[in-house]
Amino acid sequence: MRETRVDEAAENDPWEGVDAAALARAAREQAERPVPGVEDMATYLAAQVADSSHREVVGPLLDGAGPSGVILRRGRVVASWGDPNRVEMAFSATKSVLSLVAGVAFDDGLLTLDEPVHRTVGLVQFADPHGRGITWRHLLDQTSQWEGVLWGKPTEVDAQSTREGTESPGGPPGAGWAYNDVRVNLTALALTVLFGRPLPDVLRTRVMDPIGGSASWSWHGYRTSQVTLDGTRVPVVSGGAHWGGGLWIDALDLARIGHLCLSGGRHGDRRVLSRRWIDALWTPCPVKPDYGLSWWLNDDRTVWPAAPATGRCARGNGGSHLLWVDPARELVVSSRWGAAVENLLTEVSAAVRPD
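Here the structure is a predicted model, which is why all the values come from computation and not from measurement. Residue numbers restart at each chain and count upward from 1, following the sequence in its written direction. Given that this is a predicted model, residues contribute local features only at a pLDDT of at least 70 and side-chain atom pairs are listed and counted only at 80 or more, while totals for whole chains, interfaces and linings are drawn from all residues. Calculation of side-chain values draws on the structure's entire complement of heavy atoms; hydrogens and water are dropped beforehand.

### Looking at the overall build of the chain
Heads up, the condition is: In this description a helix means any DSSP run of H or I spanning at least four residues, a strand means any run of E spanning at least two, and both kinds are numbered starting from the N terminus. With the radius of gyration taken over C-alpha atoms, the globule rule is written as 2.2 Å times the number of residues to the power 0.38. We call two residues in contact whenever any of their non-hydrogen atoms come within 4.5 Å of each other. All accessible-area figures derive from a Shrake-Rupley calculation using a 1.4 Å probe, and residue coverage is judged against the displayed protein chains alone. When charges are counted, Lys and Arg are positive and Asp and Glu negative, with His and the chain ends excluded. By convention, the point assigned to a charge is CZ for Arg, NZ for Lys, CD for Glu and CG for Asp.
Of the regular secondary structure elements, the chain holds 10 helices and 14 strands. Relative to the compact-globule value of 20 Å for 355 residues, the chain shows a C-alpha radius of gyration of 19 Å, a close match. Contacts spanning at least 24 positions in sequence make up 67% of the contacts within the chain whose residues lie at least 6 apart. About 13,100 Å² of surface is accessible on the chain, with carbon and sulfur atoms providing 49% of the total. Averaging the coordinates of the 35 positive side-chain charges in the chain and doing the same for the 43 negative ones gives two points 2 Å apart.

Quick look at the structure:
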């Protein structure tokens, strides 16, 4: 571990109301629940992708290791397992980090959630009648219902897009919800054009460096995901690892991001993101109440039924990668390549008394 405190300003006792033995047991048990097969990521990902076509992986892959994670209470590390400093692919937890980059744009006055994207970004994807109706909110809460091909991947081949049954095929933006990596990649493209520079640069300078993040994380796109800005080819990252790429980050750095959100966008005495943006992240989507702006909300206990309703999370690969934030307990849980994460959340939450 690099350190036991992620927020130097955190002064309250992290062990107040905590059953230390139960917490240690929960961490120990999670270390013994590995996700099988991740040591060969190419084979693992091939088995995970259910698409009937366009299965080719077009982004880089990183072989996984065993379970790792950390638990933060009031900005202090109170438990860990495995190697929390090992960098792993974040899969769809990347989507929630993408929403933090959008928050930087929001705070800088570059975007308004309910403003059509085409007013600030000149991309062909937003030029037709449907595209002109897509707002930044639609992109971030996955209700854009955009149809097309991006980086060689059509929206309709993402099999996970139809599993919820909440899409409205052919309907207007905002009328239906679908978990679709192609559309999230469109969000990353739009934000890259909006900022005029690579999103990892924005994340590093505006979020990760201010919260004391390490230099070990990286964010990847696909072989062909580039856009020309002022005559220069600029890389565009992906919003997940469905076809490779995405955010590569260790458990402690992921926990730092969770603590930033738990603290309402502050790190110590420094304002990193506005409270308005954190509140927006965790505001339920009208057509998908357990989803906010690229964050899952457990308010109705539909995401993790056995876990507290006060939690919200970034999750990837079905929960094998999880960042859980529970404001009621001042608690952050970062878990990588661990199976049965609902058991972890249930056990840890039982060990920490809510405020």
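### Some points on helix 7 (residues 199-208)
Test applied: When accessible area is computed with a 1.4 Å probe and restricted to protein chains, residues below 20% of their type maximum are described as buried, those above 50% as exposed, and intermediate ones as partly exposed. Arc, as used here, means the arc of the directions from the helix axis to the C-beta atoms.
Along helix 7, the positions that sit buried rather than exposed are Leu199, Pro200, Val202, Leu203, Val207 and Met208. Within helix 7, the buried residues cover an arc of 155° as seen down the axis, which keeps them to one side. On its buried face, helix 7 sits against helix 3 (93-107), helix 6 (181-195), strand 6 (218-229), strand 7 (232-237), strand 8 (246-249) and helix 8 (251-262).

### Brief notes about the pairing of strand 8
The side chains of a regular strand alternate, first on one face of the sheet and then on the other. Note the cut-off: Only strands that DSSP links by at least two bridges are regarded as paired with each other.
Alignment of strand 3 (residues 88-89) against strand 8, held across 2 bridges, turns out to be antiparallel. Bridge assignment links glutamate 88 to a residue of strand 8, and that residue is isoleucine 249. In terms of strand pairing, strand 6 meets strand 8 through 3 bridges, oriented antiparallel. Opposite tryptophan 219, over in strand 8, you have leucine 247 as the bridge partner.

### Here's the deal with the sheet that holds strand 14 (residues 331-336)
Which entries qualify depends on this criterion: Each axis is a line fitted through C-alpha atoms, and for a helix only the stretch in contact is used; angles between axes span 0 to 180 degrees, taken between their N-to-C directions.
One open sheet accounts for 6 strands, arranged 2-1-14-13-12-11; its pairing is antiparallel. The two strands at the open ends of the sheet, each matched to only one other strand, are strand 2 (76-81) and strand 11 (296-297). Pairing analysis gives 5 bridges linking strand 12 (residues 312-316) to strand 13 (residues 321-326), with the strands arranged antiparallel. Its bridge partner lying in strand 13, alanine 314 is registered against leucine 323. Here helix 1 (residues 20-30) sits on the sheet in contact with strand 1 (68-73), strand 2 and strand 14, set at roughly 40° to strand 2.

### Details of the packing of helix 1 against helix 10 (residues 341-351)
Helix-helix packing is described using two parameters, namely the angle between the two axes and the distance between the axes. The following threshold applies: When an angle is under 35 degrees it counts as roughly parallel; over 145 it counts as roughly antiparallel; between 65 and 115 it counts as roughly perpendicular; any other value is oblique. Only Asp, Glu, Lys and Arg are considered charged in this grouping, and only Ala, Val, Leu, Ile, Met, Phe, Trp, Tyr, Cys and Pro are considered nonpolar; every other residue, Gly among them, is considered polar.
It is the contact of helix 1 with helix 10, at a shortest axis distance of 8 Å, that shows an interaxial angle of 170°. Viewed along their axes, helix 1 and helix 10 adopt a mutual orientation that is roughly antiparallel. In contact with Ala22, Leu23, Ala26, Glu29 and Gln30 of helix 1, helix 10 contributes Val341, Leu344, Glu347, Val348 and Ala351. Grouping the constituent residues of the contact of helix 1 with helix 10 by class yields 7 nonpolar, 1 polar and 2 charged.

### What about the side chain of threonine 94?
Tracing the backbone through its elements, the reader meets threonine 94 in helix 3. Setting aside residues no more than four positions away along its own chain, threonine 94 makes contact with Trp219, Ser238, Gly239, Gly240, Gly246 and Leu247.

### Brief notes about the layout of surface pockets
What counts here: The rule is simple: put a 1 Å grid over the protein atoms alone, call a set of points where a 1.4 Å probe fits but cannot get out a cavity, call an open set with protein on both sides within 12 Å along at least five of seven lines a pocket, and count a residue as lining if it has an atom within 4 Å of a point. Grid points are joined across faces, edges and corners, and a volume is the space filled by probe spheres set on the points.
Of the pockets and cavities examined, the second largest pocket occupies roughly 210 Å³. In this structure, the second largest pocket is lined by 15 residues; those nearest its centre are Asp7, Ala10, Arg74, His259 and Ser263. Secondary-structure elements contributing two or more residues to the lining of the second largest pocket are helix 8 and strand 9 (266-267). For the lining of the second largest pocket, the residue count by class is 4 nonpolar, 6 polar and 5 charged.

### A closer look at the pairing of strand 1
Burial analysis of strand 1 places 6 of its 6 residues in the buried class, which makes it a mostly covered element. Side-chain alternation along strand 1 places Ser68, Val70 and Leu72 on one buried face and Gly69, Ile71 and Arg73 on a second face that is also buried. Here 6 bridges tie strand 1 to strand 14, and the two strands are oriented antiparallel to one another. Counted as the bridge partner of glycine 69 is serine 335 from strand 14.

### A few points about the pattern of salt bridges
Here is the rule we go by: Any carboxyl oxygen of Asp or Glu within 4 Å of a side-chain nitrogen of Lys or Arg constitutes a salt bridge here.
Within this structure, the stated rule accounts for 17 salt bridges. Between glutamate 330 and arginine 74 there is a salt bridge whose closest N-O contact spans 2.9 Å. In this pair, glutamate 330 is assigned in the loop between strand 13 and strand 14 and arginine 74 in the loop between strand 1 and strand 2, connecting sequence segments 256 residues apart. Taking relative accessible area as the criterion, glutamate 330 reaches 22% and is therefore assigned partly exposed. In this structure, aspartate 181 and lysine 95 form a salt bridge, with 2.7 Å as the shortest nitrogen-oxygen distance. Highlighted residues: aspartate 181 in helix 6 and lysine 95 in helix 3, separated in sequence by 86 residues.

### A few points about the state of the cysteines
Heads up, the condition is: The disulfide criterion is simple: two cysteine sulfur atoms within 2.5 Å.
One pass over the structure, following the stated rule, counts 0 disulfides. Looking at the unpaired cysteine 261, the closest cysteine sulfur is the one in cysteine 313, lying at 12 Å. Between cysteine 285, a free cysteine, and cysteine 313, which holds the nearest cysteine sulfur, the sulfur-to-sulfur gap is 16 Å.

### Section: the side chain of histidine 138
Take histidine 138: it is sitting in helix 5 (residues 136-140). Residue histidine 138 is classed as buried on the basis of its relative accessible area, which comes to 15%. Setting aside chain neighbours within four positions, we find histidine 138 in contact with Gly133, Thr143, Ser144, Pro173 and Gly174.

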